[in-house]
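Structural description and commentary
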Amino acid sequence: MTVRINPSILSADFVNMEHDLNLISNADFAHVDVMDNHFVPNLTFGPQMVQRIQDVSPVPLDVHLMISDCDRWAPQYAELGAASVTVHAEATSDPVALARRLKEIGARAGLALKPGTPFDDYREIAHHFDQLLVMTVEPGFGGQKFMADQMAKVRQVAEFRARTGVSLWIQVDGGIDSDTIQQAAESGADTFVAGSAVYGKDNPALAVENLRKIAQSHHHHHQE
Ligand code: DX5
Ligand code: ZN
């Protein structure tokens with residue numbers, strides 16, 4: 001079973017970003033949290049900074065847009081070369097059109113659900129996306145506590161995927177560490193974002209490898 005570990009650079013040093021990106025060259029993607037101080041009560045950076053991150057990153061970018069009006073702003077992140085662009089279901093007025101546009105440009109399209117947003121509301125359109133992000137914290141900040149009650153939603157998405165045969169990566173983001181990644185993997189997640197559990201460690205690359213091993217062993221159990 002393939003699992004993906006995507007460190008969140010929200011927990012990196014913003015003035016040593018190139019250095020900190022090179023610390024996680026063994027990761028699958030670098031997870032890039034774009035926040036606009038409107039959709040969430042926090043502010044990070046926009047397309048100009050993400051372009052520079054794209055230029056220097058040793059791994060492809062997994063951009064997580066926590067912004068209002070993503071219908072307008074998301075395509076430019078695909079255009080600058082991000083491998084994956086995820087928008088929030090709560091922030092788009094036409095998710096299917098946006099997914100088509102992102103894929104046309106050449107990015108994987110992701111749909112994110114806040115903890116209070118049910119998967120059932122988006123079940124009918126999920127097959128238009130390449131990735132479904134189940135938030136395991138309220139979006140906005142790193143270092144929050146993992147919400148175990150979101151595992152029911154991860155299982156729903158995993159069951160949907162198994163039943164329909166769609167190819168959909170199931171991502172979890174928020175409070176993922178060497179303990180919580182086990183239940184997320186057992187529930188069916190295959191793509192794991194971790195900020196503080198990677199950049200909070202002395203050896204971020206080793207943290208990535210440890211998370212990968214744990215996720216792999218727990219996912220395998222579940223599959224068999
Ligand atoms: C939160 C962000 C996350 C955050 C995760 O809104 O979407 O990507 O960086 O950080 P940790 O892993 O520390 O919870
Ligand atoms: Zn994120």
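Residues numbered from 1 in each chain as written. Chains lettered and ligands numbered in written order. Predicted model: local features only at pLDDT ≥ 70, side-chain atom pairs only at ≥ 80, totals over all residues. Heavy atoms only, no water.

**As for the pattern of salt bridges**
If you walk through the whole model with that rule in mind, you get eight salt bridges. Close ionic contact of Asp-28 with Arg-212 constitutes a salt bridge, the shortest N to O distance being 2.8 Å. Separated by 184 residues along the polypeptide, Asp-28 in the loop between helix 1 (17–22) and strand 2 (30–35) and Arg-212 in helix 8 (residues 204–223) bring together distant segments of the chain. On the accessibility criterion, Asp-28 (24% relative accessible area) is partly exposed. With a relative accessible area of 12%, Arg-212 lands in the buried category. With a closest N to O distance of 3.4 Å, Arg-212 and Glu-209 form a salt bridge. With Arg-212 and Glu-209 both in helix 8 and three residues apart, this pair spans about one turn of that helix. (Salt bridge = Lys/Arg side-chain N within 4 Å of Asp/Glu carboxyl O. Helix = DSSP H or I, 4+ residues; strand = E, 2+ residues; numbered from the N terminus. Buried < 20%, exposed > 50% of the residue type's maximum accessible area, 1.4 Å probe, protein only.)

**What to know about the coordination of the zinc ion (ligand 2)**
Between any two of four tetrahedral donors, the ideal angle at the metal is 109.5 degrees; between two of six octahedral donors, it is 90 or 180 degrees. Distances from the zinc ion (ligand 2) to its protein donors, namely His-31 (NE2), Asp-33 (OD), His-64 (ND1) and Asp-173 (OD), fall within the range 2.1 to 2.3 Å. Taken together, the six donor atoms surrounding the zinc ion (ligand 2) define angles of 71 to 173 degrees at the centre, an arrangement classified as octahedral. Mapped onto the sequence, the donors of the zinc ion (ligand 2) take the spacing H-x1-D-x30-H-x108-D. Placement of His-31 in strand 2 and of Asp-173 in strand 7 (residues 169–173) is noted, with a sequence separation of 142 residues between them. One exposure class covers both His-31 and Asp-173, and it is buried. (Donors = N, O, S within 2.8 Å, 3.2 Å for Na, K, Ca; no water. Tetrahedral: all angles 85-135°; square planar, octahedral: opposite > 155°, others 65-115°.)

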